[in-house]
Amino acid sequence: MKKKVALVLICSISLLLVGCSINKDKVINKYNDIIETFGKNALTKDNDLIGKRVLEENYNIGTYECNYNDFCNTEVLFGSCKVNRSKEKISLNYKVSVDKGKGKLVCKNNGEVKTINLFEGAGFESGEINITMYDGDFYIGFIGDHFSGSLNLISKEI
């Protein structure tokens with residue numbers, strides 16, 4: 001019975017819209033706004049972060065500084081979800097000092113998770129990577145496995 005009511009409702013709404021001019025761009029932009037709202041909820045909340053994050057005009061760019069002590073978790077630091085990304089690009093600069101344990105900097109881009117760099121063994125490492133963000137989800141995260149040390153990230157648009 002519920003399926004029949006839903007079908008009748010959908011058909012009725014469709015008939016009402018026939019002949020109405022629907023601006024496709026407005027519909028896509030509104031859908032994109034809704035998706036972005038859900039996308040920002042995937043980021044680790046500021047008060048749940050071990051370190052300090054400063055976001056700039058969007059959730060993809062900013063800075064993050066942290067000193068970890070035996071960290072065994074994941075922090076999602078930057079990112080968003082967009083339907084219509086015009087192949088936006090960011091530059092990610094990182095500086096990592098490892099005292100003990102392992103750490104992994106990862107990127108989830110359009111559903112695929114890739115390791116940017118794996119940090120293990122005491123020492124210091126820095127680098128820069130340019131990343132093209134595709135339609136869909138895009139997130140930068142740090143995963144610790146009994147990681148003690150420091151992490152400094154700068155994400156900026158290029």
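Residues numbered from 1 in each chain as written. Predicted model: local features only at pLDDT ≥ 70, side-chain atom pairs only at ≥ 80, totals over all residues. Heavy atoms only, no water.

Q: Mind showing me how you'd approach the side chain of Asp137 here?
A: Summarising the element assignment, Asp137 is placed in strand β7 (residues 136-157). Within polar-contact distance, the side chain of Asp137 engages the side chain of Lys108 at 3.2 Å. Of the polar contacts made by the side chain of Asp137, one reaches the backbone nitrogen of Gly111; its length is 2.8 Å. Excluding residues that lie within four positions of it along the chain, Asp137 makes contacts with Ser80, Cys81, Arg85, Lys108, Asn109, Asn110 and Gly111. (Helix = DSSP H or I, 4+ residues; strand = E, 2+ residues; numbered from the N terminus. Polar contact = N/O pair within 3.5 Å; in protein donor to acceptor, adjacent residues only side chain to side chain. Contact = heavy atoms within 4.5 Å.)

Q: It is not clear to me how the pairing of strand β5 (residues 112-120) should be interpreted in this structure. Could you clarify?
A: Consecutive residues of a regular strand have side chains that alternate between opposite faces of the sheet. Relative to β5, strand β4 (residues 89-109) is paired through eight bridges, and the arrangement is antiparallel. By the bridge assignment, Cys107 is partnered in β5 with Lys114. The turn joining β4 and β5, which pair antiparallel and follow one another in sequence, is formed by two residues; a positive phi near 55° is taken by Asn110. (Pairing = 2+ DSSP bridges.)

Q: Can you walk me through the layout of surface pockets in this structure?
A: Empty space among the atoms can be located by rolling a probe the size of a water molecule over them. Computed from the structure, the largest pocket encloses a volume of approximately 160 Å³. For the largest pocket, the full set of lining residues is Cys107, Asn109, Asn110, Glu112, Lys114, Thr115, Ile116, Ile129, Ile131 and Tyr134. Of all the elements in the fold, those that place two or more residues in the lining of the largest pocket are β4, β5 and β6 (123-132). It is β5 that provides the largest number of residues to the lining of the largest pocket, a total of four residues. Across the lining of the largest pocket, the residue classes break down as five nonpolar, three polar and two charged. (1 Å grid on protein atoms, 1.4 Å probe; cavity = no way out; pocket = protein on both sides within 12 Å on 5 of 7 lines; lining within 4 Å. Points joined across faces, edges and corners; volume = space filled by probe spheres on them. Nonpolar A, V, L, I, M, F, W, Y, C, P; charged D, E, K, R; others polar.)

Q: Which parts of the structure should I look at to understand the pattern of salt bridges?
A: Side chains bearing opposite charge may pair, as long as their charged atoms lie close to each other. Per the stated rule, a full pass over the model turns up five salt bridges. Close ionic contact of Arg53 with Asp46 constitutes a salt bridge, the shortest N to O distance being 2.7 Å. Note that Glu112 and Lys114 form a salt bridge whose closest N and O atoms lie 3.9 Å from each other. You can call Glu112 partly exposed: its relative accessible area is 46%. (Salt bridge = Lys/Arg side-chain N within 4 Å of Asp/Glu carboxyl O. Buried < 20%, exposed > 50% of the residue type's maximum accessible area, 1.4 Å probe, protein only.)

Q: In this structure, what is going on with unusual backbone geometry? I would like to understand it.
A: A negative phi holds for most residues other than glycine; trans holds for most peptide bonds. Its identity as a non-glycine residue notwithstanding, Asn110 has a phi of 55°, on the positive side. Structurally, Asn110 can be placed in the loop between β4 and β5. Phi is positive for His146, close to 55°, though the residue is something other than glycine. Structurally, the position occupied by His146 is in strand β7.

Q: I tried to follow the nonpolar core on my own but got confused; where do I start?
A: The nonpolar side chains of a soluble globular protein tend to be buried, and buried together. Tyr64, Leu105, Ile140, Phe142 and Leu153 are the most contacted members of the largest nonpolar core, which has 25 residues in total. Elements with a contribution of two residues or more to this core: β2 (62-71), β3 (74-82), β4, β5 and β7. Ranked by the residues each element gives to this core, the list is headed by β4, at seven residues. (Core = buried A, V, L, I, M, F, W, Y, C linked by side-chain atoms within 4.5 Å.)

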